[in-house]
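Commentary on secondary and tertiary structure
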Amino acid sequence: MRAFRSDAGLAVVLLAGYVALMLLPLALAALQDRDPRPFRDDLSSGLALVAFAMLLAEFVLSGRHRGLSARVGMDSIMRFHQFMAHVLVAFILIHPFLYSLPMGVAPYADVDRSTWLALATWPAITGTLAWLGLFMLVFLAAVRDQLPYRYEVWRAGHALGALAVAVLAWHHTVWAGRYSNDPVLAAIWSLALAAAVIALLHVHLVIPVLQSRRPLRVAEVRREAERTWTVELEPDRERGHPGIAFPFRAGQFVWLKLGRPIGRITEHPFSISSAPGSWPRIALTIKEAGDFTDHIGELAPGTPAYLDGPYGNFTLVPGDRRPLVLLAGGVGMAPVMSLLRDLRDRGESRSVQVFQANRHAGQILYREELEAMQEAMDLRVHHVLQEPPPQWQGETGLIAAELLRARLPEDARRDAQWAVCGPPAMIDAVETVLLRDFRVPAGAILSERFYYRFGDAAGTARRFLWAAGTATLGLLAGALWFAMR
Ligand SMILES: Cc1cc2nc3c(=O)[nH]c(=O)nc-3n(C[C@H](O)[C@H](O)[C@H](O)COP(=O)(O)OP(=O)(O)OC[C@H]3O[C@@H](n4cnc5c(N)ncnc54)[C@H](O)[C@@H]3O)c2cc1C
């Protein structure tokens, strides 16, 4: 039985479906009975058709997908969204420069635009604005962390900017595109644009309205470790919570919004640190990391709160008996604790080893509870400190190959299920050790990343690059076929 819900088969099907859908406009364009044009001109049109389909699909990819994220992981979806954004920008970058035909007002006799590019004024302007806007959008996303704006400001600007680019690109495509002024293709583009708008509205309107029907309140805030707090939420019956449970699997995460649900752009993703069995309380363990989280310890009990979720696939399959090795760095211990609490609550008898890494002792999370758990379950907890105090009995340094070799016999390493959560650099380093040094199959490693980075190419992220690279090649091949047909 598979221990984790990483579904490679589903990923292949999704990838094939994505490529087929992105190539659909090309297929419809190819079916049109048009005079052939030079290779460069049809390659330009082909790339633009694929890129516009990709642009509209980006809205759906960056939406909230509970079921999908529970199967393939939110991290993979976001990474795919980021990777494909770069690919579509590359396609669009060369689109205007590939043309060899003269541009302007097409001669009257050139009814199907095979010798001349008919660019009337407005479509040319909207195309140019969409072209420039797209670069701006992707550039600002790439340098997001260096911008002097709050994350929320960037996020709202990204969504609105993307919508503006999509509308401009739609206008250009339908009015200037040689193939897209066909009624069928034009109707498909309009429907696809509507789907993109619906995907945006789903995140910014539908979810908030649904959230407003399930109001929660802050029940308790307690200091868990240095600059780290546990916030416990409970249903707010007085404000109309229907009392039904919030169903989630241990290890999943939610988006937290405080105050009012509608019209607020401030919401943040946090892993649930409690077990599903602890409902009607639900706990998040939050480390101070910026303008929102820095004030989390000051939250007053009774503060209105709203959750969207659950999301993510950092989850175990109930009943799996294989030994489990959980590796956590800093607040990455939060979802790991949810897994442990759930195993304890359900009385599962599998053998578990936890490696919790921190810089110093003041950052160790859930120390007493973990000690009590060691008495109650087949659990061994290893605390790893980079800066240990003088009489420290535990491990020192980082979670590295030597430490894992010393504490886990070879057969335990080989047969184990692994789950890793922590800072991106830690996840990359640990996954590289597991895959390269211990030859652990990628399917036996589960990880949750708290920061989505486009450039990740270490550990299990390599598999993702293969998938996105294959999709890109498929799309490129489609555009080349279109130009050569
Ligand atoms: C799946 C997931 C699970 C997480 N679980 C936990 C957890 O259990 N405990 C914990 O302490 N932290 C967790 N985080 C990280 C947490 O979301 C950020 O630390 C927090 O949002 C920072 O917000 P800020 O305004 O305080 O800091 P800022 O300085 O505004 O942000 C710091 C960085 O956090 C990221 N970030 C900020 N806001 C958002 C947002 N709305 N959406 C996505 N990323 C954002 C950005 O990369 C940003 O550069 C998780 C993140 C993800 C993606």
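Note that the structure is a prediction, hence the values are computed from the model and not measured.

**Some words on the site of the ligand**
Lining the immediate surroundings of the ligand are 24 residues, of which Glu267, His268, Pro269, Lys287 and Thr293 lie closest. Within the backbone of Thr285, one N or O atom sits 2.9 Å away from a nitrogen atom of the ligand. A distance of 3.3 Å separates an oxygen atom of the ligand from a polar side-chain atom of Tyr451. Alone, the ligand offers 880 Å² of accessible surface; in the complex the protein occludes 92% of this. Among the elements of the structure, strand 5 (253-258), strand 6 (268-271) and strand 7 (282-287) are those that each provide at least two residues to the shell around the ligand. Of the residues forming the shell around the ligand, the biggest block, four residues, is contributed by strand 6. When its residues are assigned to classes, the shell around the ligand shows 13 nonpolar, five polar and six charged.

**Thoughts on the sheet that holds strand 5**
Spatially, 6-5-8-3-4-7 is the arrangement adopted by the six strands of the open sheet, whose pairing is antiparallel. Of all the strands in the sheet, the pair left with one neighbour each is strand 6 and strand 7. Here the average twist between neighbouring strands, direction ignored, is 40 degrees. The sheet contact formed by strand 5 and strand 8 (residues 304-311) spans five bridges and is antiparallel.

**Points about the pairing of strand 10 (residues 352-358)**
Of all seven residues in strand 10, seven are buried; the element is thus mostly enclosed. Sheet analysis places strand 9 (residues 324-329) next to strand 10, joined by six bridges and oriented parallel. Considered in strand 10, the bridge of Leu326 is made with Val354. With seven bridges joining them, strand 10 and strand 11 (residues 379-385) adopt parallel strand pairing. Its bridge partner being in strand 11, Asn358 is matched across the sheet by Leu385. In this fold, the crossover linking strand 10 to strand 11 by way of helix 9 (residues 367-376) has right-handed handedness.

**Side note on the environment of Thr293**
Its location among the elements puts Thr293 in the loop between strand 7 and strand 8. For Thr293, a relative accessible area of 8% puts it in the buried group. Spatially, the C-alpha atom of Thr293 lies 9.1 Å from that of His268, the residues being 25 residues apart in sequence. When residues no more than four places from it in sequence are discounted, the contact partners of Thr293 are Phe270, Ile286, Lys287 and Glu288.

**Details of unusual backbone geometry**
A cis geometry characterises the amide bond from Trp279 onward to Pro280, with omega recorded as 15 degrees. Looking at where Pro280 falls in the secondary structure, it is placed in the loop between strand 6 and strand 7. A cis geometry characterises the amide bond from Gly309 onward to Pro310, with omega recorded as 5 degrees. For Pro310, the position within the fold is in strand 8. With a phi angle near 55 degrees, Tyr366 is a residue other than glycine that sits in the positive phi range.

Parameters at a glance
- Residues numbered from 1 in each chain as written.
- Predicted model: local features only at pLDDT ≥ 70, side-chain atom pairs only at ≥ 80, totals over all residues.
- Heavy atoms only, no water.
- Near = heavy atom within 4 Å.
- Polar contact = N/O pair within 3.5 Å; in protein donor to acceptor, adjacent residues only side chain to side chain.
- Areas by Shrake-Rupley, 256 points an atom, 1.4 Å probe, with all protein chains shown as cover.
- Helix = DSSP H or I, 4+ residues; strand = E, 2+ residues; numbered from the N terminus.
- Nonpolar A, V, L, I, M, F, W, Y, C, P; charged D, E, K, R; others polar.
- Pairing = 2+ DSSP bridges.
- Axes fitted to C-alpha atoms, helices over the stretch in contact; angles between N-to-C directions.
- Buried < 20%, exposed > 50% of the residue type's maximum accessible area, 1.4 Å probe, protein only.
- Right-handed = clockwise from strand over helix to strand, strands pointing away.
- Contact = heavy atoms within 4.5 Å.

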